[in-house]
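For reference, the chains in residue letters:
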Amino acid sequence: MSLDNLKSRVPDYAKDLKLNLGSVIGNSELPAQQLWGTVLATAIAARSPIVLRELAPEARANLTPEAYTAAKAAAAVMAMNNVFYRTRHLLSDHEYGTLRAGLRMNVIGNPGVDKVDFELWSFAVSAVNGCGMCLDSHEQVLRKAGVGREVIQEAFKIASVVQAVGSALEAEAVLAEFE
């Protein structure tokens, strides 16, 4: 199970996704921990068993056990936060924004890895889940920590390609039932 296996599964009509998968992961200039944590967190967020089965072992091989766990934690906590804060933002009654969230998010304060890496993974998951408030919040934290726009864009490029590959492969799995 690997990036190459995943690329080989991408259908011909989605050749651009295959090429992009190779470039955003295979040719990334991100440090290994940032890259593979982003890959793992977004593979989880993409909700594609195929993508996760192919990429998780490679992520595990490239991450420390602490970073592997932290990337999973980023995907988990952001799954909750993205729904909560996106809903709050989309409601026309802005009074919800003044109410206490009352949700536990302790892992954000102590993720077990460098805070910047965890923020980057949380940002990438927020891109998959489409939460503008969370994207802005994590982007601001990253920029204040000195992270450049190019690095942040790498994270959302990875998120977009992983999500798209997951969508294409899941669609192919369903469509194969009709052939």
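Predicted, not measured: the structure shown is a model, and the values here were computed from it.

Analysis parameters
Residues numbered from 1 in each chain as written. Predicted model: local features only at pLDDT ≥ 70, side-chain atom pairs only at ≥ 80, totals over all residues. Heavy atoms only, no water. UniProt positions renumbered as here; feature names shortened; annotations may be inferred. Helix = DSSP H or I, 4+ residues; strand = E, 2+ residues; numbered from the N terminus. Axes fitted to C-alpha atoms, helices over the stretch in contact; angles between N-to-C directions. Parallel < 35°, antiparallel > 145°, perpendicular 65-115°, else oblique. Left-handed = near helix turned anticlockwise from the far one by under 90°. Contact = heavy atoms within 4.5 Å. Phe/Tyr/Trp six-rings, centres within 6.5 Å; stacked < 30°, edge-to-face > 60°. Buried < 20%, exposed > 50% of the residue type's maximum accessible area, 1.4 Å probe, protein only.

Engineer: How should the UniProt feature "domain: Carboxymuconolactone decarboxylase-like" (unreviewed entry) in the protein be read in this particular structure?
Structural biologist: As recorded in UniProt, the sites labelled "domain: Carboxymuconolactone decarboxylase-like" (unreviewed entry) are residues 96-176. This span, residues 96-176, is 73% helix and 0% strand, and a straight line between its end C-alpha atoms measures 44 Å.

Engineer: In this structure, what is going on with the packing of helix α3 (residues 32-45) against helix α4 (residues 49-62)? I would like to understand it.
Structural biologist: Two packed helices can be described by the angle between their axes and the distance between those axes. As a packed pair, α3 and α4 sit with axes 9 Å apart at the nearest point and diverge in direction by 155 degrees. Of the possible angle classes, the one that applies to α3 and α4 is roughly antiparallel. Here α3 and α4 pass one another in a crossing that is left-handed. Mapping the contact onto sequence places Ala32, Trp36, Val39, Leu40, Ala43 and Ile44 in α3 and Val51, Leu52, Leu55, Ala56, Glu58, Ala59 and Asn62 in α4.

Engineer: Is there a simple way to explain the packing of aromatic side chains in this structure?
Structural biologist: Aromatic ring pairs are described here by two measures, namely the spacing of the ring centres and the angle between the planes. For the coordinates displayed, the defined rule picks out two aromatic pairs. Look at Phe84 and Tyr85: their rings are 4.9 Å apart centre to centre, the planes differ by 85 degrees, and that puts the pair in the edge-to-face class. Look at Phe123 and Phe156: their rings are 6.0 Å apart centre to centre, the planes differ by 55 degrees, and that puts the pair in the tilted class. Of the two residues, Phe123 is situated in helix α7 (residues 115-129) and Phe156 in helix α9 (residues 149-175); the sequence distance between them amounts to 33 residues. Since its relative accessible area comes to 37%, Phe156 is described here as partly exposed.

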